[in-house]
Amino acid sequence: DSFFLSPQGKSDPEAELRATIRAITRPANGDDNQHARCEFPARDAWIRSHLSLPSPEVDCTDFEDWKAELNTEAVTLVFAASYLNSPSSMFGHTFLRLDPPREDSETNLLLANTISYAADAAEHDSELLFAYRGIFGGYPGITSVQPYYEMIKVYSDIENRDLWEYRLNLTPAEVDQMLAHTWEIQDRNFDYYFFDENCAYRLLALIDVARPGTDLLGEVTTHAIPSDTIRWVVDRDLVENIHYRP
């Protein structure tokens, strides 16, 4: 509910659009960080690129501090190979790495942050219950931001999974728009569906937001297999270079 400004927002995009326009043009009252322009910076930027609207002065310190801490110049799509010992990872996993400026050393790439989307599954669930709830949307999906070295520790060092890193050729403005949308969704849950609305699906949505017109989500039908989504990203000429981390 916290993601929609209109009570009908989930099912009525026009109602949500109108509610958003009202919210982002409303004068600030109290804490600026609670204003819609600060809570939904990607929506605000996209709407203002199409419409000439009043711009109430707001100081989005929370968002700006968060973005400055991430220190992101480019974005890399990372694919972790399949891991048969875990049903949730049998098709592999994808996440995004937020790369610092190029002049920083290779060591600092390990300290770069990542954006990942995964099911918040209860550890005590049986394999049968896990499969049932995973297929039919019984788990909340969590968007998390954490350091890359922690992902390497899990996927490479513990689970012995190869990693492929696909650096995306996004412009600085497109990177900013992706970060703005990540801010909008990072504390909000989406129902997780193992076959389609999974880790790969949410990352495709982030790329679509960053570069409108790519329509990566248009490729998704009955399932979104992480390895397939990598091919879709490559086919759209979104990849600048590839690095293999065995």
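Residues numbered from 1 in each chain as written. Predicted model: local features only at pLDDT ≥ 70, side-chain atom pairs only at ≥ 80, totals over all residues. Heavy atoms only, no water.

Under the counting rule described, the total for this entry stands at eight aromatic pairs. Relative to Trp164, the ring of Phe79 lies with its centre 6.1 Å away and its plane at 35°, an arrangement referred to as tilted. A residue pair is termed long-range when its members are at least 10 positions apart, and Phe79 in strand β1 (residues 74-80) and Trp164 in strand β5 (residues 163-168) qualify at 85 residues. We classify Trp164 as partly exposed; its relative accessible area is 27%. Ring pairing ties together the aromatic residues Phe3, Phe4 and Phe40, which thus form one cluster. For Arg43, the ring lying beneath its charged end belongs to Phe3, and the centroid distance is 5.0 Å. (Phe/Tyr/Trp six-rings, centres within 6.5 Å; stacked < 30°, edge-to-face > 60°. Helix = DSSP H or I, 4+ residues; strand = E, 2+ residues; numbered from the N terminus. Buried < 20%, exposed > 50% of the residue type's maximum accessible area, 1.4 Å probe, protein only. Lys NZ or Arg CZ within 6 Å of the ring centre and 35° of its normal.)

Further remarks concern the nonpolar core. Judged by nonpolar contacts, the single largest core of 37 residues is most densely connected at Val75, Leu77, Leu96, Leu168, Leu170, Met178 and Val233. The set of elements that each furnish at least two residues to this core consists of α4 (61-70), β1, β2 (93-99), β3 (113-119), β5, α8 (172-185), α9 (199-210) and α10 (226-235). Discounting residues that sit within four places of it in the chain, Leu168 has contacts with Val75, Thr76, Leu77, Ile207, Val233, Leu238, Val239 and Glu240. In terms of nonpolar packing, the next biggest core, distinct from the first, is built from eight residues, Val78, Ala80, Phe95 and Tyr155 among them. (Core = buried A, V, L, I, M, F, W, Y, C linked by side-chain atoms within 4.5 Å. Contact = heavy atoms within 4.5 Å.)

Further remarks concern the environment of Val78. Considering the arrangement of structural elements, one finds Val78 in strand β1. Along the primary structure Val78 and Thr114 are separated by 36 residues, whereas in three dimensions their C-alpha atoms are 9.4 Å apart. Val78 has contacts with His93, Thr94, Phe95, Arg97, Tyr148, Leu163, Trp164 and Glu165, leaving out every residue within four places of it along the chain.

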